[in-house]
Structures are given as C-alpha cells and as structure tokens.
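Summary of structural features
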Amino acid sequence: FTFTFYIFNKNTFTFSERIFGRRHVQCILCFFCLSLAYAWRVNLSVAIVAMAKSNDSETDSDSIFSVKVGLLSSSIYVKPITKCSYALQKYEVNSVQQGYLFASFFWGYVITQVPGGYIAQRYGAKMLLSVGITICAVLTILTPMSVKFGGWIGMCVIRGLQGLAQGAVHPATHVLLSKWSPVSERGMLATICYSGAQFGTIAMLATSGFIADTAMGWPGIFYVGGACGFVWVIFWRIFASSTPEKDRRISPGELKFIQESRSVGKMQEADHLAPTPWKHIFTSMPFLSLLVVHCTHMWGFWTLLMQIPNYIKSIYNIDIKSSALLSSLPYTVMLLLSFFFVFLSKVLANQKSLSTAFNRKLFNTIGHWLPMCGLIVLGYVPDATWGIVVLTFTVGISAATYLGFQVNHIDLSPNYAGTLMGITNGAANVMSGLAQIVVGSIVLNSNDIMQWRYVFFLAAGFYFIGNLLFLIFGRTEIQWWDSPLEDAETAEQGVPLSPAQMSK
C-alpha cells in the first residue's frame, strides 16, 4: 500500500505544485537576475554623485557634483573616513563625458541581443545567464579600478563590456519561459521574471546612499552589487535548469503538466534545432506588428522616464529628481500594478469564453492607450502635483504590457522566442535612444509648453499606432515556421514545416 501510494503521489500533479512548483522557482531566479541587471545599469547614475565629491573639508565646497538622469537620482553624503582612502579620490566628469558613460552600456547591449537569443536556444538559457551574470559581476567589481587607472574612458570600456554581457538577458529569459511556461500561466510567469527590473531599480535607489556612507565609500556600490551577482550565480547553478526535462527535482506530474500545456506545436531539442527561418520571420505580419509595437512602446515609455521630470522642472519649477522617494515612486507603482494585472488576468482566464488573443490585446491596450491619454493630459495639467500624479499613473499602468506584447514572442514561436526577443528588444532600444535625440531637437526652449506638447503628442501617436497594428495583425497562434517536420530524420536536418504540411 505504501509503495503504491508513493508511485501515485510522484506522478500526480499536486495542488501545492499548481500553486508553487519548479517553474515558479525558475521565474523567481529570473526575477533576481533582472533585478541585478537593472541595478547594475543604474548604479552609475547614483554612484557618480559620490564619485565627484571630495571629503577633504578644504575642497568639499567646490567639488559638489550631481548627476540626474531621467527619474534616477540619489542624494549621497560620504563620511570622511580617512584622508588617504582610495575611495575618497575625486573624479570630475563633464556633461559630454557623462553622455558617453551612460551611452556606452547600450552600445554593447544592442549588439548581443540577437546572438544572445540564438545561443540560448542552442545551448540553453542556464549556461548563457550563468556566464553573462558572472562576467557582469566581475566587471562591476572592477569598475572602481577602471576609474582609478583609466579615468572616464576606462569606465566607458567597462560599461560597454557590461552591455555586451547583459544583452542576452532578455532573450535568454524568453527562451527559459518558452520551455517552462504553460500557455495559461505564461503572462503570470513572465510578469514574475520581468518585474525584477523595477525591483532592482528601486533597491539601487534606496540602498546606494547607505552603502556609500560606509567605510567602503562610493566603490562599495559596485563591490556590493558585484558580490550579489556571485551569490545569485551560486543559487542559479544549483536550482536552475534550461528545460523541465533536464530538471532533476521536478516531479513527473509537474513535468507532464508543462509538456502537455506549454505549446500546441513541437518543441525542438537544442541539439537538433532547425536553422532560424529568417525570411519567414521578417515576412510574418504577426511578428512585424510585434516588432513595431515593441519599438513604439519604448519610444513612449522612455520619453516618460527621461523627459517628463525635465518638463515638470522647467514648466513648474519642481525638481522631482531631488527626492529619492519621488524618483522611485513610478517604479514602485509599476511593480505593484504588474501583480494586480496578473490577478486580473487570472480572473479573466477563468472566463472560458475569453481567448488568449483577447487577453493579450486587452492588456496591451491598457498598457498603451491609457499611457497615450496620460501623455496628452500631461501637457495641460494645472500644477506640478497633478503632473507627478499623472506621471506615476502613466508609468505604472505600463506594467500591463507584461501580459501583452512582451510575451507574444513565445506565443508566435516557442522554439525561436529568444531570437524574436533579441530582434525586437535590440530595435526597441535603438528607438528609445532616437527618441531622446528627437526630443532634444523639438524642445529648444524648455520653458515653452507648446514645444513639450509636440513631444507628448508625438509619443502618444506612437503609442496609438503601435497598439492599433498589434490589435489588427497581432496573433497568439504558433506560426507555421516554428515547428519542424514530424519525422526525426528531417527534424535533425533542420527542415522547417511548410504551411501545406501544417494543414495535414
């Protein structure tokens, strides 16, 4: 009797595994991976304030230096620990050099998007994220040394290398989700993973001042961040698996549940992955609409984060970046709303008459057209208080896109989700950079509210067009070019499945 019960229990997908199983463990690990990635992105924004301060009382009065980028800011005071401390050396950076420092990360980041997706598909997300985060952790720890021996150029090199190492994070996360997430849970699991970005940003804003106030000084921001990376890699190596089939701790019941519900197509083995169907990808209207909506989203979203604080300061003379609380408020609201939308999606999923396509398009509309309205309203708010309220709401409501276009790559092609994410995320990051250039060309006088309204209407237009195309052409069905032929011989040769064969 005992033996029979054991076998039954091992092969049954239990209630506790439905609530919290091995697939959730993978996503929680990805949550902290994204947290680290975004904390390392913004650590320079807060550390550079302390880097430029001298703790020598004779020179402190003329060495105060602050940098504020978008909503990222921190007021840091560093105690005078010892006069000869390496951490207390002063580094002054002018505005041009600041621009190169912040841009250098994205130069590397864009380059490795598509290769990162391909490598994750071929060799597994576990290996790629292990290597990428380890490299980033080492480079983060070496950042203070690069400043000492190479100045701002040395730091640019380090930041560029970090971008190269981090470029695969989003594509690899998508590859992992394509293997581990059932269709019914895909939006929820993706939200768990990608909400780590907001958590990491908030954590860096909240802790950097305290770290810089210790005996380590400003280098401590990089040392502690790098050390956290090594801790994450240890947990990742122990508990993560690229696929549920390779996981030694998963129960047969949960494995069967994932295999039967993650995709209606055929998941290819990494060793026998068919060649990437580039022609079919770039002639697929569902994918092209996904590419457009990702780019337009990034244009609007980064216009909000980078330009609205400048607008409120210029028009209403209120500097919301001077307060760490106000700086982190939009990210906090976005983090909280992301899980509210997960709850709402589960409620809607219980309505059997509502399809996955309806859910994707509903949440994408919430995450695009409500921010579109928020941008237009921002140009006419009567005072700074209302401006901050509208800004916080508009950024926070964008969390709905986690359940919209941001998981649609996996819907269209579970086998090539990493490559699709690499393409769209790479293009979208270029788009966000172009947005800042265009805004700078339009707003020649920051005190002219009409110029700001042109910016807001332009961003709102991008939001409108991107989501409209997604509503018309977006699909959630697996595309025919995703799956190989059913027979093993042609699958190993990498022959894609044709539309005619799909219909048989």
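Residues numbered from 1 in each chain as written. Predicted model: local features only at pLDDT ≥ 70, side-chain atom pairs only at ≥ 80, totals over all residues. Heavy atoms only, no water.

Going by what an unreviewed UniProt entry lists, the protein is known as Putative inorganic phosphate cotransporter and is assigned to Drosophila busckii. Comment text from UniProt for the protein, heading Sequence similarities (unreviewed entry), reads "Belongs to the major facilitator superfamily. Sodium/anion cotransporter family." Looking at the Subcellular location (unreviewed entry) heading of the UniProt record, one finds this comment for the protein: "Membrane". (UniProt positions renumbered as here; feature names shortened; annotations may be inferred.)

Moving on, we get to the pattern of salt bridges. This structure, assessed with the given rule, holds five salt bridges. Residue D247 is joined to R22 by a salt bridge in which the shortest nitrogen-to-oxygen separation is 2.7 Å. Here R22 lies in helix 3 (residues 22-51) and D247 lies in the loop between helix 10 (219-239) and helix 11 (252-261), a separation of 225 residues in the sequence. (Salt bridge = Lys/Arg side-chain N within 4 Å of Asp/Glu carboxyl O. Helix = DSSP H or I, 4+ residues; strand = E, 2+ residues; numbered from the N terminus.)

Note on placement: S284 falls in the loop between helix 12 (278-282) and helix 13 (285-316). Residues S284 and Q479, 195 residues apart in the sequence, show an inter-C-alpha distance of 8.6 Å. With sequence-adjacent residues up to four places away left out, S284 is seen in contact with Q479 and W481. (Contact = heavy atoms within 4.5 Å.)

Right, let's talk about the nonpolar core for a bit. Judged by nonpolar contacts, the single largest core of 99 residues is most densely connected at W232 and L375. For this core, the leading source of residues is helix 13, giving 14 residues. Looking at which domains feed residues into this core, each of domain 1 (21-52 + 91-264) and domain 2 (277-480) gives three or more. Not counting residues up to four positions away in its chain, the partners in contact with L375 are L304, I308, F456, A459, A460 and Y463. (Core = buried A, V, L, I, M, F, W, Y, C linked by side-chain atoms within 4.5 Å. Buried < 20%, exposed > 50% of the residue type's maximum accessible area, 1.4 Å probe, protein only. Domains from an automatic or database assignment.)

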